[in-house]
Amino acid sequence: MDEKRETIGNLIKKGNRSSGSAAIGNTCIAIVKGAAFALTGSGSMFATMMHSIADAVNQMFVFTGSVLAEKRPTRRFPDGFGRVINLFCMVAVIVVTVMAYETMLEGFHLLKHPAEESSGYWINVLVLVMSIAVDGFVWVRAMNEVLHEARVDAKGLGKLTVSLKNVKRAAPPTRLVYYEDLVATTGGLLAMIAVLVTALTNFHLLDGITSILIAFMMIGVAFRVGYDNMVGLIGVAAPPEIEDKVAKIIFDEPQVTDIFQMRILQEGRYYHIEGLIELRRGLSLADADDIKFKVRDKLLADPHISDVTLGILEDNGVRNWVPQHE
């Protein structure tokens, strides 16, 4: 019983922090935006409210999936549960798509029947300023998670460009939070512009235009996240940087002369390694086994490598190993 409680607690601790904190933040934002929409009837506020609801639901799904993905392999599921997170992210894609459809309908409705007055626009402005601050904070945290998981360093404004370049190397839940809060922050800025313009000018059509733009951004997130997770469900090779790192660890062993073949499969934020390594001629079977286990233990010391299966061969005198980037 104690072991079960400890296991559940450890799983929750290992869950994706970005998605967990984002789910709580977006739930609070969605409630405040809903109250602002009820008071003002702003179409832009409706669009950004729907986006926040979609984000909150998605990120709660994704956090739950990230917790379940940390379960240890069982006899029935010997490869573990890493791809569970991809299934949960696919559910999140459906939620985003439905919310984007509703937002687009509201946008077209506002184009046909634009609001004549924008009462209480200052309420919307205050709520949107708060929303942009919270979404921006969550996005920066997701940005840092991307850099951490991709194992790259950046400072200041450089984090934006470096994280955009390396976001594909992050875990599925981190990618989803990153994309969603990027769109949420941008959408909040667009909505605030629309609220101010429609309140201070006669250009009331901007309310509907902004809603449609936010809907298209939501569809873009759904497509990007859906594609990434479809690839993850099929199974995708690790990026060249990871392959190079693994190869370096293997070649650091003096008795290893070559890598005959190697496959590194990425599953969520974990990697599965299978390979055949060539050892110096003349080694005894016992010594060769010791070297194999030594290399395997060095690879497993990396927290992102979940399992390693290595075979050993005697050096055949031919160079077999060719990195991906070559």
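Parameters and conventions
Residues numbered from 1 in each chain as written. Predicted model: local features only at pLDDT ≥ 70, side-chain atom pairs only at ≥ 80, totals over all residues. Heavy atoms only, no water. Phe/Tyr/Trp six-rings, centres within 6.5 Å; stacked < 30°, edge-to-face > 60°. Buried < 20%, exposed > 50% of the residue type's maximum accessible area, 1.4 Å probe, protein only. Core = buried A, V, L, I, M, F, W, Y, C linked by side-chain atoms within 4.5 Å. Helix = DSSP H or I, 4+ residues; strand = E, 2+ residues; numbered from the N terminus. Contact = heavy atoms within 4.5 Å. Lys, Arg positive; Asp, Glu negative; His and termini not counted. Salt bridge = Lys/Arg side-chain N within 4 Å of Asp/Glu carboxyl O. Polar contact = N/O pair within 3.5 Å; in protein donor to acceptor, adjacent residues only side chain to side chain. Expected span 1.5 Å × (residues − 1). Pairing = 2+ DSSP bridges. Axes fitted to C-alpha atoms, helices over the stretch in contact; angles between N-to-C directions.

Draft legend 1. Seen up close, the packing of aromatic side chains. Taken as a whole, this structure holds four aromatic pairs when the rule is applied. On the basis of an interplanar angle of 50 degrees and a centroid distance of 5.2 Å, the ring pair of F37 and F46 is categorised as tilted. A residue is classified by how much of its surface remains accessible, and F46, at 13% relative accessible area, is buried. Connected via pairs of aromatic rings, a cluster forms that spans W139, Y178 and Y179.

Draft legend 2. View of the nonpolar core. Among the nonpolar cores identified, the biggest contains 42 residues, and Y178 and M218 are the most heavily contacted of them. Among the secondary structure elements, those contributing two or more residues to this core are α2 (17-40), α3 (43-68), α4 (84-112), α5 (121-150), α7 (172-200) and α8 (205-234). For this core, the element with the highest residue contribution is α5, accounting for nine residues. If sequence neighbours within four positions are ignored, Y178 has contacts with W139, A142, M143, V146, L160, S163, L164 and V167. In this structure, I242, I250, V295 and L310 belong to the second largest nonpolar core, which totals 22 residues.

Draft legend 3. Structural context of the side chain of D315. Structurally, D315 is set in the segment after β4 (305-314). Of the buried charged residues, D315 lacks a salt bridge, with R281 as the closest side chain of opposite charge at 5.6 Å. At 3.0 Å, the side chain of D315 and the backbone nitrogen of G317 are in polar contact. Among all residues touching D315, those that are not within four sequence positions of it are T257, E278, L279 and R281.

Draft legend 4. Inspection of α3 at higher detail. Spanning 26 residues, α3 covers 38 Å between terminal C-alpha atoms, matching the ideal 38 Å at 1.5 Å per step. Burial analysis of α3 places 19 of its 26 residues in the buried class, the great majority of the element.

Draft legend 5. Region of interest: the environment of F216. Mapping F216 onto the fold places it in helix α8. Looking at F216, the relative accessible area reads 49%, which means it is partly exposed. Linking F216 and H148, residues 68 residues apart in sequence, is a C-alpha distance of 30 Å.

Draft legend 6. Local environment of the sheet that holds strand β1 (residues 236-237). With respect to topology, four strands assemble into an open sheet ordered β1-β2-β3-β4, the strand pairing being mixed. Two strands close off the open sheet at either side, each with one partner strand: β1 and β4. Where helix α9 (residues 240-251) meets the sheet, its contacts fall on β2 (256-267), β3 (270-279) and β4, and the angle it forms with β2 comes to roughly 145 degrees.

Draft legend 7. Structural detail: the environment of L283. Along the chain, the position of L283 falls in the loop between β3 and α10 (285-300). The spatial distance from the C-alpha of L283 to the C-alpha of Q255 is 9.1 Å, given a sequence separation of 28 residues. Apart from the residues lying within four places of it in its own chain, the contact partners of L283 are Q255 and I291.

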